[in-house]
Structures are given as structure tokens and as C-alpha cells.
Amino acid sequence: MEGRKLKNYDTYLQKLELYAEASHIKIVWREQPEEGQYIPEASRITVDMDLEDSIEISVLLHELGHAA
């Protein structure tokens, strides 16, 4: 089920991508069973590509928190 678009989604995503880049963390979107995963040995966050906007942003925040 697709929800409505998150207001300012593009702005939030851009800021999180800039933070990840500054932290030398690569973000990868792919089909996967979990919503997100931080892989410290690879400095990579994977995000399920089928998430609603608001969930995607919260998953990125959560996974970036593991990296901090």
C-alpha cells in the first residue's frame, strides 16, 4: 500500500545523503527483507527500496544512528 508523499522528502533525503557522504558511509537501495541495515565493516547502509517516504527517512536516521 502506498501512502501519501512526505512533505519535504527531497530536502530530508538530500541532507541525510550529505551527512552519510561526510561520514564516508554509502547508502544502497535494494529489495531486502529488512527495512534497513547498517554494515559497519563495509561502511554501508542498505535500505529496502519499497518503503514509504516517511519510513525511508526514519530508517535512514535509525541506521545513521548506529554509525555515529
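Reading the values: the criteria
- Residues numbered from 1 in each chain as written.
- Predicted model: local features only at pLDDT ≥ 70, side-chain atom pairs only at ≥ 80, totals over all residues.
- Heavy atoms only, no water.
- pLDDT = per-residue confidence, 0-100.
- Helix = DSSP H or I, 4+ residues; strand = E, 2+ residues; numbered from the N terminus.
- Expected span 1.5 Å × (residues − 1).
- Buried < 20%, exposed > 50% of the residue type's maximum accessible area, 1.4 Å probe, protein only.
- Arc of directions from axis to C-beta.
- Contact = heavy atoms within 4.5 Å.
- Pairing = 2+ DSSP bridges.
- Axes fitted to C-alpha atoms, helices over the stretch in contact; angles between N-to-C directions.

1. Here's the deal with the confidence of the model for the chain
Okay, so step 1: For the chain, per-residue confidence averages 93 on the pLDDT scale, and residues scoring 70 or more make up 94% of the total.
Okay, so step 2: Looking over the chain, one finds the lowest element-wise mean pLDDT in helix α2 (residues 53-67), namely 95, and the highest in strand β3 (residues 44-48), namely 98.

2. Considering α2
Okay, so step 1: Taking 1.5 Å of rise per residue, the 15 residues of α2 would be expected to cover 21 Å, and the 21 Å separating its terminal C-alpha atoms lies within 8% of that figure.
Okay, so step 2: Buried residues of α2: D53, E56, I57, V59, L60, E63 and L64, and no others. Axial view of α2: buried residues confined to an arc of 160 degrees, hence all on one face.
Okay, so step 3: Summarising the contacts, the buried residues of α2 are in contact with α1 (9-22), β1 (26-30), β2 (36-39) and β3.

3. Details of the sheet that holds β2
Okay, so step 1: The strand order across the open sheet built from three strands is β1-β3-β2, with neighbouring strands paired in mixed fashion. Each end of this open sheet is capped by a strand with a single partner; those strands are β1 and β2. With strand direction ignored, the average angle separating the axes of adjacent strands in the sheet is 20 degrees.
Okay, so step 2: Here four bridges tie β2 to β3, and the two strands are oriented antiparallel to one another. Looking at the pairing, Q37 lines up with T46 of β3.

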